[in-house]
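Geometric and topological summary
One-letter residues, chain by chain:
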Amino acid sequence: MNIKFKRPKWLPLWLNLPFIIFLGFILMLLFFGEYNYVKISKQKSEINNLNAQIKTTEDSAQFYERKYRELDTDRENLEKLAREQYGMKRTNEDVYITDIK
């Protein structure tokens with residue numbers, strides 16, 4: 001029983017069984033499974049977004065830390081903040097609030 005496989009003329013010579021298996025394996029690695037290319041690229045994008053959020057949060061934390069230290073050490077700024085934002089006044093003062101800017 002000696003059966004020979006005849007290659008169809010439309011099938012290129014470079015397209016053989018080991019190449020098809022190799023190509024299938026590469027496609028499986030890229031698009032299927034736990035560590036596929038699509039999932040990894042989405043996770044990298046999410047990591048970059050989270051790093052950007054961390055950076056902005058650290059910047060705002062530093063800003064508020066500077067403001068806190070400034071208010072803690074400078075009595076004039078603390079009094080200005082209390083007067084402007086919270087409407088506080090001294091006992092012998094009258095405060096008039098206007099909308100003129």
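Report on the accompanying structure.

Analysis parameters
- Residues numbered from 1 in each chain as written.
- Predicted model: local features only at pLDDT ≥ 70, side-chain atom pairs only at ≥ 80, totals over all residues.
- Heavy atoms only, no water.
- Helix = DSSP H or I, 4+ residues; strand = E, 2+ residues; numbered from the N terminus.
- Rg over C-alpha atoms; globule rule 2.2 N^0.38 Å.
- Buried < 20%, exposed > 50% of the residue type's maximum accessible area, 1.4 Å probe, protein only.
- Areas by Shrake-Rupley, 256 points an atom, 1.4 Å probe, with all protein chains shown as cover.
- Lys, Arg positive; Asp, Glu negative; His and termini not counted.
- Charge placed at Lys NZ, Arg CZ, Asp CG, Glu CD.
- Polar contact = N/O pair within 3.5 Å; in protein donor to acceptor, adjacent residues only side chain to side chain.
- Phe/Tyr/Trp six-rings, centres within 6.5 Å; stacked < 30°, edge-to-face > 60°.
- 1 Å grid on protein atoms, 1.4 Å probe; cavity = no way out; pocket = protein on both sides within 12 Å on 5 of 7 lines; lining within 4 Å.
- Points joined across faces, edges and corners; volume = space filled by probe spheres on them.
- Nonpolar A, V, L, I, M, F, W, Y, C, P; charged D, E, K, R; others polar.
- Salt bridge = Lys/Arg side-chain N within 4 Å of Asp/Glu carboxyl O.

On a plain count of helices and strands, the protein comes out with three helices and zero strands. Counting from the amino terminus, helix and strand elements in the protein follow one another as α-α-α. The C-alpha radius of gyration computed for the protein amounts to 35 Å, which surpasses the reference 13 Å derived for 101 residues by more than 25%, pointing to a less compact arrangement than a globule. Counting all 101 residues of the protein, 3% fall into the buried class. Surface summary for the protein: the accessible area is close to 10500 Å², and the carbon and sulfur share equals 60%. One way to put it: in the protein the 17 positive side-chain charges average out to a point 23 Å from where the 14 negative ones average out.

Once that is clear, we can look at the side chain of N36. Relative to the assigned elements, N36 resides in the loop between α1 (17-31) and α2 (37-73). A distance of 2.7 Å separates a polar atom in the side chain of N36 from the backbone nitrogen of K39.

The final tally for this structure, using the stated rule, is one aromatic pair. For the ring pair F63 and Y64, a centre distance of 5.1 Å and an interplane angle of 70 degrees mean the geometry is edge-to-face. On the accessibility criterion, Y64 (56% relative accessible area) is exposed.

A word on the layout of surface pockets. Over the atoms, a rolling probe the size of a water molecule traces out where space has been left empty. Its boundaries defined by the atoms lining it, the largest pocket holds a volume of some 220 Å³. Forming the walls of the largest pocket are K67, Y68, E70, L71, N77, K80, L81, E84 and Q85. With five residues, the top contributor of residues to the lining of the largest pocket is helix α3 (residues 75-86). By residue class, the composition of the lining of the largest pocket is three nonpolar, two polar and four charged.

With that settled, the discussion passes to the pattern of salt bridges. Applying the stated criterion across every chain yields a total of three salt bridges. Salt-bridge contacts for R69 lead to E65; the nearest nitrogen and oxygen are separated by 3.0 Å. Taken as a pair, R69 and E65 lie in helix α2 at a separation of four residues, close to a single helical turn. E79 is paired through a salt bridge with R83; the nearest N and O atoms lie 3.1 Å apart. Placement of the pair is E79 and R83 together in helix α3, with a separation of four residues, close to one helical turn.

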